[in-house]
Amino acid sequence: MSIKSRSVGAPAKGPEPLRRSKEAVKAASLAAAYELLTEAGLGGVSFDEVSRRSGVAKTTIYRYWPTRSALLFDAVMQFAPRLQTPATGSFRGDLTALALGLAQRLQTGRWSSAMPSIIDAAERDTEVAEFQSRTHAGMMSGFSAIAAQAQARGELGPNFDVSDLTAAIAGPLFYRRWFSRQELDDAFVRGVVERALGWDSSGHG
């Protein structure tokens, strides 16, 4: 009985390697970068580590993001929790709701644990400083949004400086989260809002 043999030297065919789409590759890279950032801080993020965790070749990651800061900015914008813009019908109500939401995120969000390492590195690295500035602006954008709503309702004057009010509210919350380590309870947050509104009422009505 004759036996048909396979051609000598012909490799056995196995399953085709999985090929990911461009979108899937970018999503895996961003997810890995954000996970590393929130787990180990800025120092834990490198192209080598992102490649290892995501399974995406380092050369491919470089193709989409030429710098670590560019990669991290896109990762934070996609995965960091964003505060919803309140719509209570009044500026005081919106401001209180936004501040309470920010306090909750500072205490429970993975993103807030990475912030000290970013702020520290920004003191010595201009690229990181730019990344920190852009991400912070995104985090604080809700204050400008509710101020614009209040101006449209006539509650605030056209020259109201929302940056001062943002600092008056975010400052005490950041202090308790990263320095004094005290609880950011609702009573404290509401008190911060009331004091901030009384401190600068020049833009009202």
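Residues numbered from 1 in each chain as written. Predicted model: local features only at pLDDT ≥ 70, side-chain atom pairs only at ≥ 80, totals over all residues. Heavy atoms only, no water.

**Some details on the overall build of the protein chain**
Piece 1. Tallying secondary structure elements over the protein chain gives 10 helices and 0 strands in all.
Piece 2. Going from N to C terminus, the protein chain has its helices and strands arranged as α-α-α-α-α-α-α-α-α-α.
Piece 3. By residue count, 40% of the 205 residues in the protein chain fall in the buried class.
Piece 4. A sequence separation of at least 24 residues applies to 67% of the contacts in the protein chain between residues at least 6 apart. (Helix = DSSP H or I, 4+ residues; strand = E, 2+ residues; numbered from the N terminus. Buried < 20%, exposed > 50% of the residue type's maximum accessible area, 1.4 Å probe, protein only. Contact = heavy atoms within 4.5 Å.)

**So, unusual backbone geometry**
Piece 1. The residue Arg 181 is not glycine, and still its phi comes out positive at about 60°.
Piece 2. Position of Arg 181 relative to the elements: it lies in the loop between α9 (162-180) and α10 (186-199).
Piece 3. Of the residues examined, Arg 181 reaches a relative accessible area of 59% and is grouped as exposed.

**Structural notes on the packing of helix α5 (residues 91-108) against helix α8 (residues 141-153)**
Piece 1. Between α5 and α8, the least distance of the axes is 10 Å, while the angle of their chain directions is 170°. Our classification of the angle between α5 and α8 gives roughly antiparallel. Contacts between α5 and α8 involve Phe 91, Asp 94, Leu 95, Leu 98 and Leu 102 from the former and Gly 142, Phe 143, Ile 146, Ala 147, Gln 149, Ala 150 and Arg 153 from the latter.
Piece 2. For the contact of α5 with α8, the residue count by class is 8 nonpolar, 2 polar and 2 charged. (Axes fitted to C-alpha atoms, helices over the stretch in contact; angles between N-to-C directions. Parallel < 35°, antiparallel > 145°, perpendicular 65-115°, else oblique. Nonpolar A, V, L, I, M, F, W, Y, C, P; charged D, E, K, R; others polar.)

**With respect to the environment of Leu 102**
Piece 1. Residue position: Leu 102 is located in helix α5.
Piece 2. For Leu 102, a relative accessible area of 3% translates into the label buried.
Piece 3. Sequence spacing of Leu 102 and Phe 174 is 72 residues, and the spatial spacing of their C-alpha atoms is 9.8 Å.

**With respect to the environment of Leu 184**
Piece 1. As for its position among the elements, Leu 184 is in the loop between α9 and α10.
Piece 2. Residue classification places Leu 184 among the buried residues on the basis of a relative accessible area of 4%.
Piece 3. Here the alpha-carbon distance between Leu 184 and Phe 174, two residues 10 residues apart in the chain, equals 9.6 Å.

**Remarks on the side chain of Ser 29**
Piece 1. Mapped onto the elements of the fold, Ser 29 is located in helix α1 (residues 22-40).
Piece 2. A polar contact of 2.9 Å, which involves the side chain of Ser 29, links it to the backbone oxygen of Val 25.
Piece 3. Setting aside residues up to four positions removed in sequence, Ser 29 forms contacts with Val 50, Ser 54, Val 56, Ile 61, Trp 65 and Leu 71. (Polar contact = N/O pair within 3.5 Å; in protein donor to acceptor, adjacent residues only side chain to side chain.)

**Some thoughts on the environment of Tyr 62**
Piece 1. Residue placement: Tyr 62 occurs in helix α3 (residues 58-64).
Piece 2. A residue is classified by how much of its surface remains accessible, and Tyr 62, at 40% relative accessible area, is partly exposed.
Piece 3. Along the chain, Tyr 62 and Phe 47 lie 15 residues apart, while their C-alpha atoms are 8.0 Å from each other.

**Focus: the confidence of the model for the protein chain**
Piece 1. For the protein chain, per-residue confidence averages 88 on the pLDDT scale, and residues scoring 70 or more make up 88% of the total.
Piece 2. Overall, residues 1-17 carries pLDDT values under 50, and its contacts beyond four positions in sequence, including any with other chains, amount to 1 contact.
Piece 3. Note that pLDDT drops below 50 for residues 201-205; the model gives that stretch 13 contacts with residues more than four away or on any other chain. (pLDDT = per-residue confidence, 0-100.)

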